[in-house]
Amino acid sequence: DLAQRDTRSQRAQVGVVQRYQRRRQLGSGHRHRPLRAVAFDMAEQLGSLAGQLVQGSPSEIKIEYEGHVATLNVKPLTSLITAGFLKPSMEGVNIVSAPAKIKELGVALSESKREKPETYQTLIKLTIVTSEGSLTAAGTVFGEHPRIVDMNGVPVETDLGKHMLYIVNHDKPGLIGAVGTLLGD
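Residues numbered from 1 in each chain as written. Predicted model: local features only at pLDDT ≥ 70, side-chain atom pairs only at ≥ 80, totals over all residues. Heavy atoms only, no water.

A. Seen up close, the overall build of the protein chain. A tally of helices and strands in the protein chain yields 5 helices and 6 strands. Listed by position from the N terminus, the elements making up the protein chain come as α-α-β-α-α-β-β-β-β-β-α. A burial count over the protein chain gives 35% of its 185 residues as buried. Accessible surface, the protein chain: about 11,500 Å² in total, of which carbon and sulfur atoms supply 50%. (Helix = DSSP H or I, 4+ residues; strand = E, 2+ residues; numbered from the N terminus. Buried < 20%, exposed > 50% of the residue type's maximum accessible area, 1.4 Å probe, protein only. Areas by Shrake-Rupley, 256 points an atom, 1.4 Å probe, with all protein chains shown as cover.)

Next up, the structure:
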């Protein structure tokens, strides 16, 4: 009975995400994207970003939902985050298989929700604990666009996009100019 309920729950999550993806591909005709659609984008992209930046073997994934996003059904968002996290290192991972794969790998997965916002009206904070330390990334929604607002405790404000370059460096004069020149060449 429990296995059947889990399977029905997974099918419902997949249905929600597939309907969202179809509308996104076809264009919904709406001028404004609903929070859920933007949150879906942000969830998958945050997971992917963390999956590409994490060092060491993950032992725990903590996902915190705050504000408006906490009022939504967060199971599809969690599935998108875990799928995004695993895709850079595993082939064939999708939103259905990702939570089971995380469990199979022995990675503890926790969600928390707080409907009362502190700093942002909507915030998803992802913390990955590994053998090498931890990685934290937090995103919010500005208008209809997902934005990163925190990386490892450092406040940032940047678009969350498909192609990004993330550099950690010591503050030295000319370093960013040298990186820009190198990338331009």
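Here the narrative resumes.
B. Structural context of a nonpolar patch on the surface. Together, L165, I167 and L183 line one region of the surface with nonpolar side chains, adding up to about 300 Å² of accessible area. Among the secondary structure elements, I167 is positioned in the loop between strand 6 (154-159) and helix 5 (175-184). We classify I167 as partly exposed; its relative accessible area is 38%. (Patch = residues over 30% accessible without salt bridge, like charges linked within 9 Å, V, L, I, M, F, W, Y side chains within 5 Å. Salt bridge = Lys/Arg side-chain N within 4 Å of Asp/Glu carboxyl O.)

C. Inspection of the packing of helix 2 (residues 35-53) against helix 3 (residues 75-86) at higher detail. Relative to each other, helix 2 and helix 3 sit at 30°, their axes nearing to 6 Å. By the angle between their directions, the pair helix 2 and helix 3 is classed as roughly parallel. The handedness of the crossing between helix 2 and helix 3 comes out as right-handed. Listed contacts from helix 3 to A39, F40, A43, E44, G47, S48, A50 and G51 of helix 2 are P76, L77, L80, I81, G84 and F85. (Axes fitted to C-alpha atoms, helices over the stretch in contact; angles between N-to-C directions. Parallel < 35°, antiparallel > 145°, perpendicular 65-115°, else oblique. Left-handed = near helix turned anticlockwise from the far one by under 90°. Contact = heavy atoms within 4.5 Å.)

D. Structural context of unusual backbone geometry. Positive phi, normally seen in glycine, also occurs at N152, with a value near 55°. Considering the arrangement of structural elements, one finds N152 in the loop between strand 5 (145-151) and strand 6.

E. Main features of the sheet that holds strand 6. Ordered in space as 2-1-3-4-5-6, the 6 strands form an open sheet in which the pairing is mixed. Every interior strand has two partners, whereas the edge strands, strand 2 (108-114) and strand 6, have only one. If you compare each strand with its neighbour and ignore which way they point, the axes differ by 20° on average. Alignment of strand 3 (residues 122-130) against strand 4 (residues 133-142), held across 8 bridges, turns out to be antiparallel. (Pairing = 2+ DSSP bridges.)

F. A look at the pattern of salt bridges. Across all of its chains, the model carries 7 salt bridges by this definition. Two residues, E157 and R147, come together in a salt bridge whose shortest N-O distance is 3.1 Å. You can see E157 sitting in strand 6 and its partner R147 sitting in strand 5, a full 10 residues away along the chain.

G. Inspection of the nonpolar core at higher detail. If you look at the biggest cluster of nonpolar residues, it comprises 35 residues, and the most contacted ones within it are I61, Y65, L77, F85, I124 and L126. For this core, the secondary structure elements donating two or more residues are helix 2, strand 1 (58-67), helix 3, helix 4 (97-104), strand 3, strand 4 and strand 5. Sort the elements by how many residues they give to this core and helix 2 lands first, with 8 residues. With sequence-adjacent residues up to four places away left out, L77 is seen in contact with A39, F40, A43, Y65 and V69. (Core = buried A, V, L, I, M, F, W, Y, C linked by side-chain atoms within 4.5 Å.)

H. Fine view of the pairing of strand 4. The element strand 4 is largely enclosed, with a buried count of 7 among its 10 residues. Pairing geometry for strand 4 and strand 5, over 6 bridges, is antiparallel. Across the sheet, residue A137 finds its bridge partner in strand 5, namely M151. Counting the residues in the hairpin turn of strand 4 and strand 5 gives 2 residues, including G143, whose phi is positive at 65°.

I. Structural context of the packing of helix 3 against helix 4. Packing of helix 3 against helix 4 brings their axes to within 8 Å, and their N-to-C directions diverge by 65°. Classified by the angle between their axes, helix 3 and helix 4 sit roughly perpendicular to one another. The handedness of the crossing between helix 3 and helix 4 comes out as left-handed. Contact residues: S79, T82, A83, F85 and L86 in helix 3; A98, P99, K101 and I102 in helix 4. For the contact of helix 3 with helix 4, the residue count by class is 6 nonpolar, 2 polar and 1 charged. (Nonpolar A, V, L, I, M, F, W, Y, C, P; charged D, E, K, R; others polar.)

J. Expanded view of the environment of V154. Note that V154 resides in strand 6. Judged by relative accessible area, which is 47%, V154 ranks as partly exposed. Linking V154 and T136, residues 18 residues apart in sequence, is a C-alpha distance of 9.5 Å.

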